[in-house]
Every structure is written in structure tokens, then in C-alpha cells.
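Inside the fold
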Amino acid sequence: MDSNLDPWGSLQVKDYKKMREEFGIEPFNFDLNDNKMARRNLIVGQRDFWRIREAIERKDKFAAMTGLMPSGDMHLGSKAIIEQMIYFQQKGAEVYIAVADLESYATRNISLEKARSIAIENFLLNYIALGLKKCHFYFQSTNSRVQKFAFVLSKEVTFSEMKAIYGFDESKRMLELNSPIIQASDILSPQIYGEPMPTIVPVGADQDPHIRLTRDISGRMDIIKVKKNGNGLMFSIGGNDPPEPVFQIIGKISEKLKFKISRKNAKYRTAEVENFEGDLYELELQIAKMERSLNVNATIAPSSMIMRLETGIRGGKMSKSVPDSTISLNDTTVEADKKIRRALTGGRESVEEQKKLGGNPYICPVFELYMYHLSREDKDLKKVEEECKSGVRLCGSCKIEASELMKQFLIELKEKRENSRHLIKDYMENE
Ligand code: SF4
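Remember, it's a predicted structure, so these values are computed and weren't measured experimentally.

A short note on the sheet that holds strand S9 (residues 270-273)
Overall, antiparallel pairing links the 4 strands, which are arranged S6-S7-S9-S8 in an open sheet. Lying at the two open borders of the sheet, with one neighbouring strand each, are strand S6 (224-229) and strand S8 (263-265). Each strand of the sheet is rotated relative to its neighbour by a mean of 15 degrees, with strand direction disregarded. In the packing of helix H11 (residues 244-257) onto the sheet, contacts are made with S6, strand S7 (232-237), S8 and S9, and the angle to S7 comes to roughly 150 degrees.

Shown next, in the form of C-alpha cells:
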């Protein structure tokens, strides 16, 4: 396992268990039966997803955040993320989508005008066609609030931290250092310019470093930190100002949520609760809201849902920088068909061998197409899997079927895109 997950690289993650252990990611053990990706075990980890589950169950306010880099066509890997955003929108989330046009300008030399047109034509139109309803869709280059807040956040981050999280060395340009901070600002700004609330960020496993950085920053800005301490809680107060006003705030929260402070220590700036059987979700929200009265940029640390990276159809990570490895949502049906026919498979050397021993769907990029995109029903996917393993299904006919399903999908999507064009203006936040 590489000791750094690289959001900009093309390496595929080989061992998700090891990844979780190495980066402190929790497994995804939530029962999300109405979520196709969860049912198909395509969610390989999470950070504090419990808050999102609580927000959904309580019908509380929460946000869902993602970004897009306008540097080419939207491919199938990005579709999986947007489907999760649509899922959370249907569950009540306020959706925020940041267009990283400053980044594409700086790193890929794409003009802001061009980036704008790519973001709308190649991404937003597809998002709407896939079912995304009205949301906050904005461009980093015109969102002065996000830019200003990124400036504020930069005081919270040191170069050593960037080195530890991203594996940067001294040769890195300021741009590469700035870019994750702007993304952290994107993720936290719905709370900063609104009220503290849980935020879910669905990401591919390679994007976890951004989540780690943002969560660290979020924790650092809090003045009241609370953690479980056996059966109780331990509050610690940051900063250098006299802690009394903060003790008062903790006292008010304890009255409201009906728990008892057992000890306070002004010297060590701590307060203890021996037994806490209360509502941790509500406690965190109350703390963050009260901290605002002290002019603190308090936020609830963002939660993440980490998705298994889709394999490119020629192997490796599915990425728009390797056009042959992925199918773009704007590909023609002929182009998509050509790519599927040239895809790697988990098939055997010969037809005879495959009939006898069966194929291996678990290393097959074509099977992944069925799993992520083509099999609408779980039973259809099961059928492909069983037929492959038993040798009833052969790779040639399997690819033809995949290509036919992809064709139907692309034709329908194109039609929906054209019918969605008039809605674009409703999605533009800063216009
Ligand atoms: S039969 Fe289909 S799923 Fe099985 S290895 Fe071949 S292409 Fe993959």
C-alpha cells in the first residue's frame, strides 16, 4: 500500500482493509438498503457517517458537498459520486457543488471561460439529466466568500502537515499547497456562512486526504473540544483567554441537555462529566452553535462516505486523463461500444477453459460496469456474476450485452440532457 493516497495520481488502491487501517478510516457498517452502492459493497469506508444517519433519521438540516474539475468530459467514475449526491439530496440534504475552475486554470491551463463552458455542458447538464434537483452550484473563481475563507483557513495549516497528508516535498509550488485549502473552504463554507450542521462528502478513496485535512482544520478552529472519557465526557477549552465564559457556555448546554458537570479545572481548562447518557449528536451541535457567540468559526467536522475506485476498462484507476480507460457520458454509442469491446476481462485463455473453469468477475472491469452502472436490479447483477463464475457466460457475449445496455443508457441520457438545458439557469448560484 502506498503510504500516501494521491488525489492527483493514477494508482488504484489494492487493499482497502489496509488503507482503512493505515489512515484511520472506519469500515462502512451502516444498513443503507435503499442505496445501490452500499448494497453492492462499493462503499469501502467512512468517517463519522453516524452523524449523517442521525441527521436523516431526525430530519435535521445537513449538507452534501462535492466538487468537479472542469478539465474534460464527465466520465463514469464521476457519475457514481453524483448518484450519491442525488441520494443524499433525496434524503433531505442541501447540496453544494464547487467548480474548481481556478485549479483547472492553474494546473491545466484551461481558461476560466472554457472551464465554465465545460462545467455546464459536460457536467451540470449531465447532473440534471441524472436527476440532481436545484442546488448550490458555484465557481471558485467568482465565489469571494469561499476565497476569503480559504485565506482565513491558511493560517491553520503548516507545510509539515501538507507534507504528512499529501506527501509533498519542497519542490511543490504554492498553487499545489493552496488548492487543498480552497477545497477545505468549499467543504466548510456551507456551515460558516450558514449554521453548523453535519456535512457529508462522498469521495473516491483517493480523495480521502482532502477530508482528513478539512476535518483537522475544523477541529482546530473549535474552542471547545469534547471527547468520550470512559462512561463520561471530557471538555477541554482551547485558546489563551480566561476560560470562565466558556465554562458558562458548557454549563448552559448541560442544563439544556440535562447532564451534570462533575468537575471543572480552570488551570487545565477542562470540565468533566462522569456519566453521560445523553445525546452526543445534539451536544456537538449545541457546542458549535454556542461557540459562534464567541466569534469562533465553529463547524461540525465533515463526514465522508468513501467509495471503492472504479477500475478503468483498460486497467488502473478510471481517470479522465486516460480517455481510453473510461467511458465519458458524452461519448457516442459507437465510441462506447469500441471501448467496451477492447476492455480487459477476468476471462480465461480459451473458450473451452472458461466453459470448464468459469471466469473471474472480481478482477473484471466489464463486471464493474455492470456493478456500478449497468445492472439496474441486484438480481440482474447476481445473474451476471453466477453465470460468469459457472462458465455459462463467455466474455464476448458478455461485452455485447454490456455494450447494448450502455448504448441504451447513453441514448436516454442524451435525450434527458437536451430536455434539461432550459433548467441550467436555476442551478447557477452566483449569476
Ligand atoms: S464473462 Fe463477463 S463478467 Fe465474466 S470475466 Fe468475462 S467479461 Fe467479465
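Some points on the sheet that holds strand S5 (residues 199-204)
Reading across from one edge, S1-S10-S5-S2-S3-S4 is the order of the 6 strands in this open sheet, with mixed pairing throughout. Where the open sheet ends on each side, the last strands, each with one partner, are strand S1 (43-47) and strand S4 (136-139). Pairwise comparison of adjacent strand axes, ignoring direction, gives a mean angle of 20 degrees for this sheet. Here S1 runs beside strand S10 (residues 303-307); their pairing, made up of 4 bridges, is antiparallel.

Focus on the environment of Lys227
With respect to the helices, strands and loops of the structure, Lys227 is situated in strand S6. Along the sequence, Lys227 and Ile81 sit 146 residues apart, while their C-alpha atoms lie 31 Å from each other. If near-sequence neighbours (up to four positions away) are discounted, Lys227 is found in contact with Gly232, Leu233 and Met234.

Some details on the layout of surface pockets
As a volume, the second largest pocket reaches approximately 720 Å³. Lys36, Lys79, Glu83, His373 and Arg376 are, among the 26 residues lining the second largest pocket, the residues nearest its centre. Class assignment of the residues belonging to the lining of the second largest pocket gives a composition of 10 nonpolar, 6 polar and 10 charged.

Criteria and cut-off values
- Residues numbered from 1 in each chain as written.
- Predicted model: local features only at pLDDT ≥ 70, side-chain atom pairs only at ≥ 80, totals over all residues.
- Heavy atoms only, no water.
- Pairing = 2+ DSSP bridges.
- Helix = DSSP H or I, 4+ residues; strand = E, 2+ residues; numbered from the N terminus.
- Axes fitted to C-alpha atoms, helices over the stretch in contact; angles between N-to-C directions.
- Contact = heavy atoms within 4.5 Å.
- 1 Å grid on protein atoms, 1.4 Å probe; cavity = no way out; pocket = protein on both sides within 12 Å on 5 of 7 lines; lining within 4 Å.
- Points joined across faces, edges and corners; volume = space filled by probe spheres on them.
- Nonpolar A, V, L, I, M, F, W, Y, C, P; charged D, E, K, R; others polar.

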